[in-house]
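Survey of secondary and tertiary structure
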Amino acid sequence: YENGYKKFFTWFDHKVWYPLGRPVGTTIYPGMQFTAVFLKNYVFGESMTLNDICCYIPAWFGVMATILVGCIAYETSLSVNSGGTLVGVAVDALKGKYTKSNDMTSKSVTKRFFGFESPAVECAVFAMGFMGVVPAHLMRSVGGGYDNESVAVTAMSGTFYLWLRSLRNGEKYNYLFGILAGLAYFYMAAAWGGYIFVLNMIGAHAAFLVLMGRFSTNVYLSYTLFYAVGTVLAIQIPVVGWSPLKSLEQLPACAVFVGYQLLYYCEVMRKKNKWGRKEAWKFRIQVFGVAAVLGTMFIMAVTPKGYFGPISSRVRGLFVPHTKTGNPLVDSVAEHQAASQQAYWQYLHMLCFMAPVGFFLILFRFGDSSCFLFVYAVAAYFFSHKMVRLILLAAPISSSLGGIAVGRIVSWSTSVLLGEGDQPVEKKETKNETKSKSEGKKKKKASSSSDESMAGFNAIRDGFNQASNSYEGKIVKSIAAVVMCVSLYMQATTFSTYAWRISASLSNPSIILKGQTRDGNIIKVDDYREAYWWLRDNTPEDARIMAWWDYGYQITGIANRTTIADGNTWNHEHIALLGKALTGSVEEGYQIARHLADYVLIWGGGGGDDLAKSPHLARIANSVYRDHCPGDVTCRAFGFVDRQGTPSPMMERSFLFNLHSHKLRPGVEADPTKFQEVYRTKYGKVRIFKIIGVSRTSKNWVEENRKCDAGGWFCPGNYPPGLKEILDKKKDFAQLEDFNRGTKDDDYQKEYFENLNNPEL
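Residues numbered from 1 in each chain as written. Predicted model: local features only at pLDDT ≥ 70, side-chain atom pairs only at ≥ 80, totals over all residues. Heavy atoms only, no water.

Attention shifts here to the overall build of the chain. Along the backbone of the chain there are 33 helices and eleven strands. In the chain, which comprises 761 residues, the proportion classed as buried is 49%. The contacts of the chain with a sequence gap of at least 6 include a subset with a gap of at least 24, amounting to 71%. (Helix = DSSP H or I, 4+ residues; strand = E, 2+ residues; numbered from the N terminus. Buried < 20%, exposed > 50% of the residue type's maximum accessible area, 1.4 Å probe, protein only. Contact = heavy atoms within 4.5 Å.)

Rendered as structure tokens:
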């Protein structure tokens, strides 16, 4: 805001990840920050502070995401996009027949609201209603919750909508929306690492269309424009770089792009030479065979040079049981745990049973756009089930499917009660349909495979319609319509009450808690913020604070002091050094701390405090410093020996335990020659110790030995010589998926998995 975008991208922050520092501008997704500054400079000006804009952004973008989800539900419920069935289209694909656009268009349409189609408009309204209040979306759209996901959900929903809009049937130039989808994807890539999901989601849908026999010129142009525009722009973002063309996580979408070019070439040649099905397939096999050979040769040539990037532990963790990724740092994060049924009910509530109804309905209202919901729903459920944090990704699809279910039920009920269901308004014929009818006078038009495959179902449906239009049938339908509407109203009332209650709890500050005393009084526990304020007001500006990496962002943002690590996981080895200091012996931890920090901040008070987390800290430390827990890769010797919280001998000797339990447990007291307790919060949630005997030599050495590159801004720091003896023992962590490393760590990985699977070994 004050220094411009060039300064932002060349910003090296020495107050984080001490003593190494971090090139902030090239290691974070800048979309959120750029959005706030754009709104400040070009929309609000002096009428609103930048801080207030940041506080309101989640709510503003939550509204936009809600509207876009409504647009998704509307687009996928239009008659031109939902006239087929999954079974019919699949049968057509197996028979090698392309289901024509007219056959994919619903024959009956009702215009009800300002020219908008019904039931599409009802689906949109209810989808927006769900998205606006569902807790899975509220957790990233409450005011003050300024986070990457706050703008990313909007960017994701916008990208999906524009992609679907580019596939609408019956319009000549709708593929141009693919360009807009590419632009929205660029914004998504700038906002959040979840852009990989968006890219692969659209790539998977494009591939699914081919499998279902729905490849066409429009689909080809839409995906080609989306991928080309989006990728060219995304690689301009420093943190993204060339990963769309190198990372194994993003190459599937690239493979679909290449496949589309080859397939379109084959289609051009087929039409030009008027080949039959046999000749066309023979040519396709030849073309794709040659492409496969060339692709294999390219892969073999560049792989030894380290061209391809490995799959990250987080992504790999989506395909294996939690705590078994092989990376103890990833396994320690609570948000990476598998989602339970309770978590789904907590964040989706009534959508847990309404979304499946919508999913079932789209199978019988199938089209190029609506089948995207099929693919999205399967992927979102799979990934959110593996990682509870990704329930966030399920909010748009759950709201869309829930809106479609309720919208179609309400539309049908309204039609029945108003008597509209007896004589549906026939959709006006398009020019193409008129032309087809005139040609049918000369030549009998063959029925599509979709109609043939669904002949039995259609006969049953026609019989049911005939019975339902009888006098008795109309009475039964009216009763059913009233019952369903009343039931939906009761469910909506319960859901609304639940959502309001959840919204109140989500709106509370994350570091200010509500507590209750023994006499029943409700109190505000503001210990964490008070501790950070104390650091800000009572320590020198150059003070370095040692704390576990979870709290780094809070210390930097509120206390404005230098931290050893923050909430990012980009440097495994550095976090391991911090873990070694905290879970090692008092003497070993002190010798590390005096070279890196001036103060130590400890979270206490029970619950998820530092001591409860410490077994994870020990495992992370041992992944790099194998002498930390000799012969025990998961550090089972460090932990509690019973449910009463009795520490194991290794834990009892640790740096962390002695500071955490200082004068709280009998016989536990921090060495006064090494530590001085300088602050304890009101309710004991945070304790701050001053380190006695800090190495001024190491502190000065770090300041004087930063090496800058030719650009003059990239100036990473180095560890002081006083830590050399400890650092010489480290072994850089070899991620299981990183095949570019020259060395492997198979023995460690094997024992790590064995110990996790059999804790008693």
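Text resumes after the structure shown.
Attention shifts here to the sheet that holds strand S11 (residues 686-691). Sheet strands pair via backbone hydrogen bonds, and the direction of the pair is either parallel or antiparallel. One open sheet holds the five strands; their spatial order is S8-S7-S9-S11-S10, and the pairing between them is mixed. A strand with exactly one partner marks an edge of an open sheet, and here the two such strands are strand S8 (562-563) and strand S10 (675-680). Two strands pair when backbone bridges link them, and strand S7 (residues 544-546) and strand S9 (residues 599-603) are joined in this way by two bridges, in the parallel orientation. Of the residues in S9, the one forming a bridge with Met546 is Val600. (Pairing = 2+ DSSP bridges.)

In terms of nonpolar packing, the biggest core is built from 105 residues, with Phe160, Trp163, Phe197, Tyr223, Tyr260 and Tyr376 touching the most fellow members. The element best represented in this core is helix H19 (residues 391-418), accounting for eleven residues. Ranked by size, the runner-up nonpolar core spans 63 residues in total, among them Ile545, Met546, Leu582 and Leu659. (Core = buried A, V, L, I, M, F, W, Y, C linked by side-chain atoms within 4.5 Å.)

This next bit is on the confidence of the model for the chain. In the predicted model, the chain carries a mean pLDDT of 85, and 85% of its residues have values of at least 70. Mean pLDDT values over the elements of the chain span from 48, in helix H20 (residues 431-440), up to 96, in helix H9 (residues 177-191). Per-residue pLDDT stays below 50 along residues 439-450; that stretch engages in eleven contacts with residues further than four places along the chain or on separate chains. For residues 736-740, every residue scores under 50 in pLDDT, and the model assigns this stretch 20 contacts once sequence neighbours within four places are set aside. (pLDDT = per-residue confidence, 0-100.)

The next thing to look at is the state of the cysteines. Taken as a whole and judged by the stated rule, the model has one disulfide. The disulfide that involves Cys629 links it to Cys635, with 1.9 Å between the sulfurs. Here the disulfide of Cys629 and Cys635 is right-handed, its torsion about the S-S bond being about 105 degrees. Pair check on accessibility: Cys629 and Cys635 agree, each one buried. A disulfide-free cysteine, Cys55 has its sulfur positioned 7.0 Å from the sulfur of Cys54, the nearest such atom. (Disulfide = S-S within 2.5 Å.)

Its location among the elements puts His14 in the loop between strand S1 (12-13) and strand S2 (22-23). Once you skip the residues sitting within four places of it in the chain, His14 turns out to touch Gly21, Thr562, Arg706 and Cys715. Of the polar contacts made by the side chain of His14, one reaches the side chain of Arg706; its length is 3.4 Å. In this structure the side chain of His14 is engaged in a polar contact, spanning 3.5 Å, whose partner is the backbone oxygen of Cys715. (Polar contact = N/O pair within 3.5 Å; in protein donor to acceptor, adjacent residues only side chain to side chain.)

In the structure shown here, the tally under the stated rule is 24 salt bridges. With its nearest N and O atoms 2.9 Å apart, the salt bridge here joins Asp537 to Arg536. Taking relative accessible area as the criterion, Asp537 reaches 52% and is therefore assigned exposed. Using a relative accessible area of 36% as the deciding quantity, one classes Arg536 as partly exposed. The shortest N-O distance in the salt bridge between Glu587 and Lys674 comes to 3.4 Å. Here Lys674 lies in the loop between helix H30 (655-660) and S10 and Glu587 lies in helix H27 (residues 586-596), a separation of 87 residues in the sequence. Under the relative-accessibility criterion, Glu587 is labelled partly exposed at 41%. Residues participating in the shared-partner salt-bridge network are Glu75, Arg165, Arg168 and Glu171. (Salt bridge = Lys/Arg side-chain N within 4 Å of Asp/Glu carboxyl O.)

The end-to-end C-alpha distance of H19, which contains 28 residues, comes to 39 Å, matching closely the 40 Å that a straight helix rising 1.5 Å per residue would cover. Of all bends in H19, the biggest is about 25 degrees, found at Ile397. Most of H19 is tucked away: 24 of the 28 residues are buried. Phi turns positive, to about 75 degrees, at Gly419, one or two residues after H19. (Expected span 1.5 Å × (residues − 1). Bend = angle between axes of the 7 residues up to and from the residue.)

We now examine helix H18 (residues 370-386). With 17 residues, H18 should cover 24 Å at 1.5 Å per step; its first-to-last C-alpha distance of 25 Å lies within 8% of that length. Those residues of H18 that fall on the buried side of the exposure criterion are Ser370, Cys371, Phe372, Leu373, Phe374, Val375, Tyr376, Ala377, Ala379, Ala380, Phe383 and Ser384.

The next subject is the packing of aromatic side chains. Applying the stated criterion to the full structure yields 43 aromatic pairs. Centre to centre, the rings of Tyr265 and Phe283 are 5.9 Å apart; their planes meet at 45 degrees, and the pair counts as tilted. Linking Tyr265 in helix H12 (residues 251-273) with Phe283 in helix H13 (residues 277-302), this pair joins segments that are 18 residues apart in sequence. Assessed through its relative accessible area of 42%, Tyr265 is described here as partly exposed. Look at Tyr528 and Trp603: their rings are 4.3 Å apart centre to centre, the planes differ by 35 degrees, and that puts the pair in the tilted class. In this pair, Tyr528 sits in helix H24 (residues 527-538) while Trp603 sits in strand S9, placing the two residues 75 residues apart along the sequence. For the residue pair Tyr528 and Trp603, the accessibility class agrees, reading buried in each case. Directly above the ring of Trp281 sits Arg284, whose terminal nitrogen or CZ lies 5.0 Å from the centroid. The aromatic ring of Tyr590 is capped on one face by Lys674, whose charged end is 5.5 Å from the ring centroid. (Phe/Tyr/Trp six-rings, centres within 6.5 Å; stacked < 30°, edge-to-face > 60°. Lys NZ or Arg CZ within 6 Å of the ring centre and 35° of its normal.)

So, about the pairing of strand S5 (residues 513-516). The pairing of S5 with strand S6 (residues 522-525) spans four bridges and is classified as antiparallel. Residue Leu513 lies in a different strand from S6, and its bridge partner there is Val525. Counting the residues between successive antiparallel strands, the hairpin from S5 to S6 contains five residues, one of them, Gly520, with a positive phi of roughly 95 degrees.

Here the focus is a nonpolar patch on the surface. Together, Tyr173, Leu176, Ile179, Leu180 and Leu183 make up a nonpolar patch on the protein surface, roughly 430 Å² of accessible area in all. Under the relative-accessibility criterion, Leu183 is labelled partly exposed at 39%. (Patch = residues over 30% accessible without salt bridge, like charges linked within 9 Å, V, L, I, M, F, W, Y side chains within 5 Å. Areas by Shrake-Rupley, 256 points an atom, 1.4 Å probe, with all protein chains shown as cover.)

Right, let's get into the packing of helix H10 (residues 195-211) against H18. Following both chains from N to C, one finds H10 and H18 inclined at 135 degrees, their axes separated by 10 Å at the closest point. In this view, H10 runs oblique relative to H18, as classed from their interaxial angle. The way H10 lies across H18 gives a crossing that is right-handed. For the pair H10 and H18, the contacting residues are Phe197, Met201, Ala204, His205, Phe208 and Leu209 in the first and Cys371, Phe372, Phe374, Val375, Tyr376, Ala379 and Phe383 in the second. When its residues are assigned to classes, the contact of H10 with H18 shows twelve nonpolar, one polar and no charged. (Axes fitted to C-alpha atoms, helices over the stretch in contact; angles between N-to-C directions. Parallel < 35°, antiparallel > 145°, perpendicular 65-115°, else oblique. Left-handed = near helix turned anticlockwise from the far one by under 90°. Nonpolar A, V, L, I, M, F, W, Y, C, P; charged D, E, K, R; others polar.)

A word on the pairing of S11. For S11, the buried fraction is high: five of the six residues fall into the buried class. In this sheet, S11 lies alongside S9 in antiparallel orientation, the contact comprising five bridges. Across the sheet, Val600 pairs through a bridge with Phe689, a residue of S11. Relative to S11, S10 runs antiparallel, the two sharing five bridges. Paired with Phe675 across the two strands is Ile691, which belongs to S11. Where S10 folds back onto S11 in an antiparallel hairpin, the turn is made up of five residues, including Gly684, whose phi is positive at roughly 75 degrees.

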